[in-house]
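Topology and contacts: notes
Take a look at the letters that make up each chain.
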Amino acid sequence: DVILFSIMGQIGVSSASIMLPSSENPGIWEIIESRGVTVNRDERDFRPSPGILKELVTSREISDVEDYKNNPDYSDDYYAYISVDARLLIPVIFGEEVIGVIVLGNKLNSADYTGEEKGFFNVIAEYSAFSYRSIRFKEMSESGSGPGSHIVAVDKVRSEIETAGHYTHIRDIIREEFRE
């Protein structure tokens with residue numbers, strides 16, 4: 001919500017949405033959150049291959065849906081995107097992978113997006129990827145696998161020591177940890 005409202009308020013766009021690969025079928029991307037436009041259930045799914053989404057994932061750069069308007073190879077895709085009020089597609093990149101897309105509608109003043117505004121969108125996409133990375137890191141750490149799991153283990157021992165009370169109990173906690 002914060003991302004969508006930030007863009008809508010700062011730039012003045014008709015709508016803002018977030019599109020991610022489906023958790024059930026990674027071959028289908030779906031709009032999971034939208035502000036400023038109502039997206040019907042049958043309009044939420046997009047396939048990356050072939051089409052505009054594939055071009056975006058390949059180029060990893062902001063894409064203007066209007067660039068595909070007169071290209072017959074993309075006509076079905078073009079109409080699918082404009083049906084959800086899409087004008088700009090901003091890739092959210094984590095590592096080398098496009099993990100999501102910020103979908104923006106037209107500007108409220110009907111002007112084209114400027115280079116400065118597109119730069120702002122790239123910054124928002126970078127922050128979104130950073131947030132995703134932080135959330136993912138936390139999930140992996142709490143599950144006891146992946147980078148950061150040692151931090152969770154140390155926090156667990158620290159908590160046990162803080163509530164232990166007597167020093168002999170603390171000694172037992174430490175001994176037990178070194179046995180494992």
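Everything that follows concerns the structure shown earlier in this document.
Rules behind the numbers
Residues numbered from 1 in each chain as written. Predicted model: local features only at pLDDT ≥ 70, side-chain atom pairs only at ≥ 80, totals over all residues. Heavy atoms only, no water. Buried < 20%, exposed > 50% of the residue type's maximum accessible area, 1.4 Å probe, protein only. Helix = DSSP H or I, 4+ residues; strand = E, 2+ residues; numbered from the N terminus. Arc of directions from axis to C-beta. Contact = heavy atoms within 4.5 Å. Pairing = 2+ DSSP bridges. Salt bridge = Lys/Arg side-chain N within 4 Å of Asp/Glu carboxyl O.

Those residues of helix α3 (residues 75–82) lying buried are D77, Y78 and Y81. The buried residues of α3 all sit within an arc of 100° when viewed along its axis, so they share a single face. Facing away from the buried side of α3 by over 90 degrees, the exposed positions are D76 and Y79. Against β1 (16–21), β3 (45–46), α2 (52–59) and β5 (88–94) lie the buried residues of α3.

A separate point is the pairing of β5. With five of seven residues buried, β5 is to be regarded as a mostly interior element. Sheet topology places β5 next to strand β6 (residues 97–104); seven bridges connect them, and they run antiparallel. Note that in β6 the partner of F94 across the bridge is E97.

What follows deals with the pattern of salt bridges. Once the charged atoms of two side chains with opposite charge are near each other, the side chains can pair. Overall, the coordinates contain six salt bridges when judged by the stated rule. One salt bridge connects R35 with E33, and the closest N-O pair in it is separated by 2.6 Å. For E33, a relative accessible area of 28% translates into the label partly exposed. R87 serves as the salt-bridge partner of D112, at 3.1 Å between the closest nitrogen and oxygen. Note that D112 is positioned in the loop between β6 and α4 (115–142) and R87 in the loop between α3 and β5, a separation of 25 residues in sequence. We classify D112 as exposed; its relative accessible area is 53%. By sharing partners, the salt bridges in this structure join D64, R87 and D112 into a single network.

Turning next to α2. For α2, every residue scored as buried is listed here: I52, L53 and L56. For α2, the angular spread of buried residues about the axis comes to 100°, placing them on one side. One or two steps after α2, the chain reaches R60, where phi turns positive at roughly 55°.

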